[in-house]
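Structural overview for review
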Amino acid sequence: MEETLADYYRDEQEIRTPVHFSIGQEASAVGVCAATTPQDWVYTSHRSHAPYLAKGGDLDALVAELYGRQDGCAHGRGGSMHVIDQAAGFAGSAAILGEMIPVAVGTAWAFARNGEARVALTYFGDGATEEGVFAESLNFAAVHKTPVVFVCENNLYSACSPLSARQPAGTSITGRSEAAGVPSELVDGNDVFAVHAAAQRAVAHAREGHGPFLLELSTYRWRAHVGPDWDHDYGYRSKEEIDEWTAQCPIVRATAALRAEEPDIDAAVADWRTRFEREIHQSVDRAKALPFPSVDGLLDGAYLPLAR
Ligand SMILES: Cc1ncc(C[n+]2csc(CCOP(=O)(O)OP(=O)(O)O)c2C)c(N)n1
């Protein structure tokens, strides 16, 4: 899906908000979201599409949003970084680093206080763990035992800055989580089965009233931080490193892992690829036929009417 969207983005220049693709990070989206129910709410940062789709978000509404149309999932107001599909339990995404981490903690706290057996989850990158709000959120969640699962997609970079240049050697994200009293697990984020099993444990932990849990999923983004390009000539990471990680493609690995049990898996994957490509082209065609939001409605939803 995203590879086709990246082509549209590059070739047409009609998607006008910044887009951060999750190509290469599919296993963390699928493995975690498959461990949730539609009543469990998922929040993300700017890298939003993959968890949105994995959670069951509406594809047409996502694509219409990317094209800025009125029927987009955020009414054409938000673009790629502000997608939402509450019916699917995808509660929203936001561009400010770390912004959705405390929102998820607050949601989880509300679930617990209302006596609901629901879990809130929040995806963020390794860069967001350097925001103060991450530490504050861990602390609050641990003290109040909120049913929240912190999902860190550690893809080793914050834009063009490597983690090794930002954090002292010998420290870790799971280490900081444990120090705050939040149990954690470091997982191979390109192994969808390992991610899923760990996510099931984390969600069960939170749902059963044991409080927050942090998953650190070790993964890698294939394309540039933002936009559709391959960035091996930008000077901050090598072609060899990218090649090593693309060889660890989560989809190829999942297919290989199933081959012995499911002899028809290669044909099934090829069929899915054809079907998904057809669906994404259809969604783009539909989106382009839709109207843009009107100027008259610019303030719709911006203010809550005061009760009189
Ligand atoms: C508070 C804040 N500071 C800086 C930025 C600019 N910015 C956007 S994405 C990004 C890097 C994010 O890295 P990470 O959290 O590791 O997520 P990734 O993009 O790798 O998925 C930065 C610095 C921002 N959006 N918000």
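Residues numbered from 1 in each chain as written. Predicted model: local features only at pLDDT ≥ 70, side-chain atom pairs only at ≥ 80, totals over all residues. Heavy atoms only, no water.

**Quick word on the UniProt feature "domain: Dehydrogenase E1 component" (unreviewed entry) in the protein**
Taken from the UniProt record, the annotation "domain: Dehydrogenase E1 component" (unreviewed entry) applies to residues 10-294. The span residues 10-294 is 42% helical and 13% strand by assignment, and the distance between its end C-alpha atoms comes to 26 Å. (UniProt positions renumbered as here; feature names shortened; annotations may be inferred. Helix = DSSP H or I, 4+ residues; strand = E, 2+ residues; numbered from the N terminus.)

**Here's the deal with the sheet that holds strand β8 (residues 213-218)**
With parallel pairing, the six strands of this open sheet are ordered in space as β2-β1-β3-β4-β8-β7. Two strands lie at the open edges of the sheet, namely β2 (90-93) and β7 (184-188), each paired on one side alone. Shown here is a sheet whose adjacent strand axes are inclined to one another by a mean of 20 degrees, direction ignored. Where β7 lies against β8, five bridges are found, and the strand directions are parallel. Opposite S184, over in β8, you have L214 as the bridge partner. Contacts from helix α2 (residues 26-33) reach β1 (41-44), β3 (120-125), β4 (148-154) and β8 within the one sheet, and its direction differs from that of β3 by about 170 degrees. Lying over the sheet, helix α6 (residues 132-144) contacts β3, β4 and β8, oriented at roughly 150 degrees with respect to β4. (Pairing = 2+ DSSP bridges. Axes fitted to C-alpha atoms, helices over the stretch in contact; angles between N-to-C directions. Contact = heavy atoms within 4.5 Å.)

**Things to note about the packing of aromatic side chains**
All told, the structure shown has nine aromatic pairs when counted by the stated rule. Pairing Y9 with F21 gives two aromatic rings, centres 6.0 Å apart and planes at 85 degrees, and the pair type is edge-to-face. Taken together, the residues span a long stretch of sequence, with Y9 in helix α1 (residues 2-12) and F21 in the loop between α1 and α2 at a distance of 12 residues. With a relative accessible area of 14%, Y9 lands in the buried category. The structure contains a cluster of three or more aromatic residues connected by ring pairs, namely Y157, Y220, Y236 and W245. The residue whose ring lies beneath R69 is F292, and the NZ or CZ to ring-centre distance is 3.9 Å. Directly above the ring of W109 sits R113, whose terminal nitrogen or CZ lies 5.0 Å from the centroid. (Phe/Tyr/Trp six-rings, centres within 6.5 Å; stacked < 30°, edge-to-face > 60°. Buried < 20%, exposed > 50% of the residue type's maximum accessible area, 1.4 Å probe, protein only. Lys NZ or Arg CZ within 6 Å of the ring centre and 35° of its normal.)

**Some remarks on the site of the ligand**
The full set close to the ligand counts 15 residues, and H46, R47, A95, G127 and N155 are the nearest of them. Contacts to the ligand include D126, whose backbone N or O atom sits 3.2 Å from an oxygen atom. N155 places a side-chain nitrogen or oxygen 2.9 Å from an oxygen atom of the ligand. Look at the ligand: alone it shows 580 Å² of surface, and the protein chains cover 73% of it. Each residue belonging to the shell around the ligand can be placed in one class, and the counts come to six nonpolar, six polar and three charged. (Near = heavy atom within 4 Å. Polar contact = N/O pair within 3.5 Å; in protein donor to acceptor, adjacent residues only side chain to side chain. Areas by Shrake-Rupley, 256 points an atom, 1.4 Å probe, with all protein chains shown as cover. Nonpolar A, V, L, I, M, F, W, Y, C, P; charged D, E, K, R; others polar.)

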